[in-house]
Amino acid sequence: MFSNRYVRTVILSRVLLQLGIWIRNYAVLLFVTQWTNNNPVYVSLISVAEFAPIFLFGLIGGTFADRWKPKRTMVWSDLWSALSVVAVLLTVMNGGWIALLIGSFVSASLSQFSQPSAMKLYKRHVPAEQIQGVMAMSQTLVATFMVLGPVIGTFIFIRFGIEVSLVLTAVLFLGSALILSSLPRDEEENHSGQTGKFMAELAAGLKYIGANRSLRTLSLTFAAVGLASGLTQPLQIFLVIEQLRLDVSYLQWFVMANGAAMLIGGAVIISQARKMSPQTMLMAGLLVSSVCTIGIGASTLIWLTVLLLVVSGLVYPCIQGGIQTLIVGNSEAAYIGRVSGTITPVFMGMMVVGMLVSGYMKDSFSLLAVYAVSGGLIIVGALLLVPILPRKKEKQARIQQL
């Protein structure tokens, strides 16, 4: 896969972007926490600044990504992200901190234009039999920075402060833009529908998803899994302090164990991706994840909780890799930006809904009940995939290709 120039270049640019994002995110988090004396309202605004653009600009960014040339879109997105960080740095040096939230919002908004463009390049320049491995590689990269990102971001802020953190972030974003600029010139676009009417193209993208059974099914699965993830994400700390009777500081070790397992799982999926259909891989990952989720909610043993977190981490690349492969494989190049820009906000929107009700559910019922509901929702998401599972003839054809 790394012999493909587009895969090699995009992955390298994503390494710099991920590093810049984690350094920025932890610099902002720690600086705002210190500046506001641990004010929970202001600290919570950081999450709003990072997640709100996915709702506001996911579909819009995907539609523009379909209209614009992908290389140019990605380069300019990274350049504007770097400039926004520089502007924030100048404001912070003058004693302000609200600009940090605005800068995070702007940078996260720009990524809604860049990410669909990367998938568009994969669709055009990566052979179909390699797509699943490339998607698994992308998820492995994300998992890598889930483990390393918090450590690197925290170290740089504590050692050098907010100014150096922001300068380094801007340099990394600029480096990503320079790397992407080495790609060949974009091909001429073959737009779908009427290129002059943005709303018409946006509506056409929604109709396209509604008419495609695989994408429609995937949206429903994503909604169920997003809601399940939202229910448990805010309650992880209670697993540590209530269920296992440990100090809150132990949470970081559980997170790192889960993230390290994702790395191993991603490496396995990259090597075995061609031997399993993305539908089967996704469904298997969801079913294993549902069992782990329920088990984690019920466990009062440290070793068992760690084991379940590791197993859950191992299959996570199956879920994300399967989803991304299905998006790319079932979308025409002219629509892939809108498809990605629609399905991802579905997941994020339902996750936020889950986060909003998870605390109330825990207070009304129990921690185990919330995790059981979450596991049940993941099972529902897996069962929704049954209509699009490959038939026996498709499996035989896949085996013959190997």
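Up top is the structure.
What this report covers is the structure whose coordinates are included nearby.

## As for the overall build of the chain
Part 1 of the reasoning: Of the regular secondary structure elements, the chain holds 15 helices and zero strands.
Part 2 of the reasoning: The 402 residues of the chain split such that 52% are buried.
Part 3 of the reasoning: Contacts in the chain between residues far apart in sequence, at least 24 positions, make up 88% of those at least 6 positions apart.
Part 4 of the reasoning: A total of about 18400 Å² of accessible surface is found on the chain, and carbon and sulfur atoms cover 67% of it.

## As for the pattern of salt bridges
Part 1 of the reasoning: Under the definition given, this model contains one salt bridge.
Part 2 of the reasoning: For the salt bridge of Lys362 with Glu242, the shortest nitrogen-to-oxygen distance reads 3.3 Å. With Lys362 in helix H13 (residues 336–364) and Glu242 in helix H9 (residues 236–243), the pair connects residues that are 120 residues apart, well separated along the chain.

## What about the side chain of Thr221?
Part 1 of the reasoning: As for its position among the elements, Thr221 is in helix H8 (residues 213–232).
Part 2 of the reasoning: Given the relative accessible area of 1%, Thr221 is considered buried.

## Digging into a nonpolar patch on the surface
Part 1 of the reasoning: A grouping of Leu287, Ile294, Ile379, Leu383 and Val386 is seen on the molecular surface, where their side chains present a nonpolar patch of about 360 Å² in accessible area.
Part 2 of the reasoning: For the nonpolar patch, the secondary-structure elements that each account for two or more residues are helix H11 (278–298) and helix H14 (367–383).
Part 3 of the reasoning: Turning to its location among the elements, Leu287 is positioned in helix H11.

## Let's talk about the packing of helix H3 (residues 70–93) against helix H4 (residues 98–125)
Part 1 of the reasoning: Axis separation between H3 and H4 bottoms out at 8 Å; the angle between their running directions is 165 degrees. By the angle between their directions, the pair H3 and H4 is classed as roughly antiparallel. As for the relative orientation of H3 and H4, their crossing is left-handed in sense.
Part 2 of the reasoning: Across the contact of H3 with H4, the residue classes break down as twelve nonpolar, nine polar and three charged.

## Points about the nonpolar core
Part 1 of the reasoning: Counting residues in hydrophobic clusters, the biggest one holds 44 residues, and the most contacted among them are Tyr122, Leu282, Leu286 and Val339.
Part 2 of the reasoning: Considering each element in turn, this core owes the most residues, six residues, to H13.
Part 3 of the reasoning: Not counting the four nearest positions on each side in its chain, Leu282 is found in contact with Leu218, Cys318, Ile319, Gly322, Ile323, Leu326 and Leu385.
Part 4 of the reasoning: Among the nonpolar cores identified, the runner-up in size contains 18 residues, and Val88, Leu89, Ala99 and Leu101 belong to it.

## Examining the packing of aromatic side chains
Part 1 of the reasoning: The final tally for this structure, using the stated rule, is one aromatic pair.
Part 2 of the reasoning: Judged by centre distance (4.9 Å) and plane angle (40 degrees), the rings of Phe222 and Phe347 are tilted. On the criterion of sequence distance, the pair formed by Phe222 in helix H8 and Phe347 in helix H13 is long-range, its members being 125 residues apart. Note on accessibility: Phe222 and Phe347 belong to one class, buried.

Conventions used here
Residues numbered from 1 in each chain as written. Predicted model: local features only at pLDDT ≥ 70, side-chain atom pairs only at ≥ 80, totals over all residues. Heavy atoms only, no water. Helix = DSSP H or I, 4+ residues; strand = E, 2+ residues; numbered from the N terminus. Buried < 20%, exposed > 50% of the residue type's maximum accessible area, 1.4 Å probe, protein only. Contact = heavy atoms within 4.5 Å. Areas by Shrake-Rupley, 256 points an atom, 1.4 Å probe, with all protein chains shown as cover. Salt bridge = Lys/Arg side-chain N within 4 Å of Asp/Glu carboxyl O. Patch = residues over 30% accessible without salt bridge, like charges linked within 9 Å, V, L, I, M, F, W, Y side chains within 5 Å. Axes fitted to C-alpha atoms, helices over the stretch in contact; angles between N-to-C directions. Parallel < 35°, antiparallel > 145°, perpendicular 65-115°, else oblique. Left-handed = near helix turned anticlockwise from the far one by under 90°. Nonpolar A, V, L, I, M, F, W, Y, C, P; charged D, E, K, R; others polar. Core = buried A, V, L, I, M, F, W, Y, C linked by side-chain atoms within 4.5 Å. Phe/Tyr/Trp six-rings, centres within 6.5 Å; stacked < 30°, edge-to-face > 60°.

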